[in-house]
Structures are given as C-alpha cells and as structure tokens.
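Chain residues, written in single-letter form:
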Amino acid sequence: MIKKAMIMAAGVGSRLGVLSDIVPKPLVPIANIPVIDILLKHISSFGINEVIANTFFKAEFIQNHCKNNKYGVNFNYVTEKELSGTAGGLKKCQFFFDNEEDFIVLSADGLSDVNIEAAYNSHKASNAIATIVTKEVPHNEVSKYGIIVTDTNNIVESFQEKPSLDTAKSNLANTGIYIFKHEIFNFIPENTFYDFAKNVFVFLMNNNIKINTFKHNGYWSDIGSIEQYKQSNRDILDNLISFIKPKDVILSDNGKYLKDDNTIVNSSSKFVGNSIIGKNCIIGQNSLIKNSILWDNIKVMDNVEIDNSIVLPGITVKSPIRNEIISS
C-alpha cells in the first residue's frame, strides 16, 4: 500500500468568505470537526502515517493544529512564500518522497470516503504514471467541475474544464485526489507556478503518456463554497459519509441537531432540518433553529429564529436571521 501522502493546504479559500477570515479552509468545522482532521483520520485508516502539506494562507494555524494530531500521523509541512499552483506545491515537497515510491495527493478541504486501497490497486494494474480519482456528478452540475472523458479501459481521453451542459462529453468530475509514480516530478518544473489540470495532465496527454482513472462511487465534496459547506454538514447528520458517525445526535420533532461540549440547549427550543452547534453555546427559551450552523461560544437569546444561516464564534444573536452569515 501507499505509505506517504501530500496534502494540498495552501489555498486562500476566498469563496468561503468570512469563514476563512477566522480559520484557513482546511480547519473549517464539519460536524464540529476540522475538515483536515477528517482527512487525516481517513488516510491513517489505510496505513498512511507519513504526511507532508504545503501551507501558505494562515500557515501557522494549520501547522500548529496538525503537528500534534491524534491519528498517529507524522505531519510535516513546507511554507510557501507565494502560491505556486497545485503541481508547483507538490514540487516543493519532492524531497519527502523516496525514489520509485508511489504516493497519494489530496486536497485538505476535500471530504470523501474514497477507498484508497482500491484506488491504488487500480493505479498499479494500469501501470500509468498518474491515476485521477473521479466521481459521477449530475449532468446539470457539470459546469461546476473539471470533467474527464475516458475510454473503455478508464484511461483519460480528454479534459473539459467546467463545460457548459450542451458541450459536456462526460459527467465524471475530477475530485482532486491523485495517485502518482515518483517520476511525475520529472514533468513539474522548479520555482514555477504549475497546475495539474492546466499544465501537467495536458503535457502528459499531448505526449501520449497514459493517465488512469478510478471511479469513486461513495461520498465526495470539495467544501469549496458556502452552499457546499452547508450541504456537507447536513450530509453528516444524514449518515451519507460512511466513516464519520457523529456522536450525540439529538432528535427533535421536525429535525435533528448535533451539539458539542459545554453547550446548553433550553428544552423549549425547537429544531427543523439538520443543524450543528459548537462548543460553549447557549440556546435560549423558545428559540427555533432551522438548517443552520453555529460555531463556538454563541449565545442565542429567547424567542429567536435562525434559518439557513451560519453564526461565527462569539456572537450573541438577539433577533431573527435568515439566509445570513453572522460574524463580529
């Protein structure tokens, strides 16, 4: 099996807006767990315990959080002075990987239950320099993703970057999970902004170097937008991710919610849909929480409704909010 992994953790996460003003995207909480913790737990379950990450935005947050993780992972990192692209970030980590060693690359903000062993077996059988993990998405959503067209042997024939519905030749999305042979470094220049999708894979295709794909049939979300962030939290409570089983999910008359340590919820409060409440929160009397996410240290006053919203740490909610992100 694969022994080492590289985690892409340098991105700014601008589409998450004020969420990434507080923490870098890899540390945003999903069901009160930083998403990178979910990733570390998952890869360690496949025996991968040597990890390196490229960091840039709020780098010290990620470094300090992960270096003493509880998943038995030896966490290493490089700090980039400027962003160098997905492949450029990997190039800076080349020293970490042994010659002739296959390894996996994953996005720090990716939430997936991909079977890494099965993906690796596919990679080895194909003898390709690279394997891209793909996921079928609904045809009406193809314009959100990098789309991959394959032949009958799952080998890449072409790429389409966020195609329109009428031009899309496939509904296989690139998940940003890759398995590489060590020789991939031969195709990434040093000290150059370089991407896998725009540069490396295009070069390989143009030079008839085989790229394999492995179709993942389970859960995958890239936590790339506010709406996807909300959806991923709801999915956890709906048990759509096989290896995450949140404890202490509380059922309400018209929904369910998860609360973290030292949070007090008044018995007269009601919940609709799926909601997440962080640590050290107080939910007042006769409050109504609908499909919302409350981070840590939040106080909701009596008779307040919160609907489809995100409340960031340290806020006291005194009046109704709907479809908002509330920060200090």
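Here's a quick rundown of the structure. It should be emphasised that the depicted structure is a prediction, and the values quoted were computed from it without experimental measurement.

Observations regarding the overall build of the protein
Stage number 1. Helices and strands together make up the secondary structure of the protein, namely 7 helices and 26 strands.
Stage number 2. Taking 328 residues into account, the globule formula puts the C-alpha radius of gyration at 20 Å, and the protein, at 21 Å, falls close to it.
Stage number 3. Overall, the C-alpha framework of the protein stretches about 65 × 45 × 30 Å when taken along its three principal axes.
Stage number 4. The buried share of the protein, taken over its 328 residues, is 54%.
Stage number 5. Sequence-distant contacts in the protein: of pairs separated by 6 or more residues, those separated by 24 or more amount to 57%.

A short note on the nonpolar core
Stage number 1. Core analysis: the biggest nonpolar cluster contains 69 residues, and Tyr 229 and Trp 295 have the highest contact counts within it.
Stage number 2. The dominant element in this core, judged by the number of residues it contributes, is helix H2 (residues 35-44), at 6 residues.
Stage number 3. Apart from the residues lying within four places of it in its own chain, the contact partners of Trp 295 are Leu 19, Ile 22, Val 23, Val 28, Pro 29, Tyr 229, Gly 278, Cys 281, Ile 310, Val 311, Leu 312 and Pro 313.
Stage number 4. Formed by 28 residues, the second largest nonpolar core is a distinct cluster that contains Cys 93, Phe 96, Ile 148 and Leu 204.

Remarks on the pairing of strand S12 (residues 211-215)
Stage number 1. Summarising burial for S12: 4 of the 5 residues are buried, a large majority.
Stage number 2. Pairing between strand S8 (residues 130-136) and S12: 5 bridges, direction parallel. Looking at the pairing, Val 133 lines up with Phe 214 of S12.

Some details on the side chain of Ser 170
Stage number 1. By the element assignment, Ser 170 lies in the loop between strand S10 (156-161) and strand S11 (172-180).
Stage number 2. The exposure class of Ser 170 is buried, given its relative accessible area of 14%.
Stage number 3. Of the polar contacts made by the side chain of Ser 170, one reaches the backbone oxygen of Ile 148; its length is 2.8 Å.
Stage number 4. Here Leu 172 takes part through its backbone nitrogen, which lies 2.9 Å from a polar atom of the side chain of Ser 170.
Stage number 5. The residues touching Ser 170, leaving out its near neighbours within four places in the chain, are Val 142, Ile 147, Ile 148, Val 149 and Gln 160.

Looking at the sheet that holds strand S18 (residues 282-283)
Where strands meet in a sheet, backbone hydrogen bonds hold them as pairs that are either parallel or antiparallel.
Stage number 1. The 4 strands are arranged S16-S18-S21-S24 in an open sheet whose pairing can be described as parallel. One side of each edge strand has no neighbouring strand; the edge strands of this open sheet are strand S16 (264-265) and strand S24 (316-317).
Stage number 2. Across 2 bridges, S18 lies against strand S21 (residues 299-300) in parallel orientation. Following the sheet pairing, Ile 282 is matched in S21 by Lys 299.

Notes on the environment of Leu 83
Stage number 1. As for its placement among the helices and strands, Leu 83 is situated in the loop between strand S5 (74-79) and helix H4 (85-91).
Stage number 2. C-alpha separation for the pair Leu 83 and Asn 174, spaced 91 residues apart in sequence, amounts to 21 Å.
Stage number 3. The residues touching Leu 83, leaving out its near neighbours within four places in the chain, are Ala 10, Val 12, Phe 56 and Phe 193.

Points about the packing of aromatic side chains
Stage number 1. Summed over the entire model, instances satisfying the criterion amount to 15 aromatic pairs.
Stage number 2. Ring plane angle 50° and centroid distance 5.6 Å describe the contact between Tyr 145 and Trp 220, whose orientation is recorded as tilted. Separated by 75 residues along the polypeptide, Tyr 145 in the loop between S8 and strand S9 (146-150) and Trp 220 in strand S13 (residues 220-221) bring together distant segments of the chain. The exposure classification of Tyr 145 matches that of Trp 220, with both residues buried.
Stage number 3. Relative to Phe 201, the ring of Tyr 178 lies with its centre 5.3 Å away and its plane at 75°, an arrangement referred to as edge-to-face. One end of the pair, Tyr 178, is in strand S11; the other, Phe 201, is in helix H6 (residues 196-206), with 23 residues separating them in the sequence. Here the two residues Tyr 178 and Phe 201 agree in accessibility, since each one is buried.

Observations concerning the layout of surface pockets
Stage number 1. The volume enclosed by the largest pocket comes to roughly 1600 Å³.
Stage number 2. The wall of the largest pocket is formed by 45 residues, among which Arg 15, Lys 25, Thr 86, Ser 107 and Asp 222 lie closest to the centre.
Stage number 3. When residues of the lining of the largest pocket are traced back to their parent elements, those giving at least two are strand S1 (4-9), H4, S9, S10, S11, H6 and helix H7 (226-237).
Stage number 4. A per-element tally of the lining of the largest pocket places S11 first, with 4 residues.
Stage number 5. Its residues placed into classes, the lining of the largest pocket shows 16 nonpolar, 17 polar and 12 charged.

A short note on the side chain of Ser 112
Stage number 1. Here Ser 112 shows up in strand S7 (residues 111-112).
Stage number 2. A polar atom in the side chain of Ser 112 sits 3.1 Å from the backbone nitrogen of Val 114.
Stage number 3. At 3.2 Å, the side chain of Ser 112 forms a polar contact with the backbone oxygen of Tyr 219.
Stage number 4. Ignoring anything within four residues of it in the chain, the contact list for Ser 112 reads His 42, Ile 177, His 216, Tyr 219, Trp 220 and Phe 243.

How each quantity is defined
Residues numbered from 1 in each chain as written. Predicted model: local features only at pLDDT ≥ 70, side-chain atom pairs only at ≥ 80, totals over all residues. Heavy atoms only, no water. Helix = DSSP H or I, 4+ residues; strand = E, 2+ residues; numbered from the N terminus. Rg over C-alpha atoms; globule rule 2.2 N^0.38 Å. Buried < 20%, exposed > 50% of the residue type's maximum accessible area, 1.4 Å probe, protein only. Contact = heavy atoms within 4.5 Å. Core = buried A, V, L, I, M, F, W, Y, C linked by side-chain atoms within 4.5 Å. Pairing = 2+ DSSP bridges. Polar contact = N/O pair within 3.5 Å; in protein donor to acceptor, adjacent residues only side chain to side chain. Phe/Tyr/Trp six-rings, centres within 6.5 Å; stacked < 30°, edge-to-face > 60°. 1 Å grid on protein atoms, 1.4 Å probe; cavity = no way out; pocket = protein on both sides within 12 Å on 5 of 7 lines; lining within 4 Å. Points joined across faces, edges and corners; volume = space filled by probe spheres on them. Nonpolar A, V, L, I, M, F, W, Y, C, P; charged D, E, K, R; others polar.

Everything listed is a geometric property; what it means functionally is a separate question.
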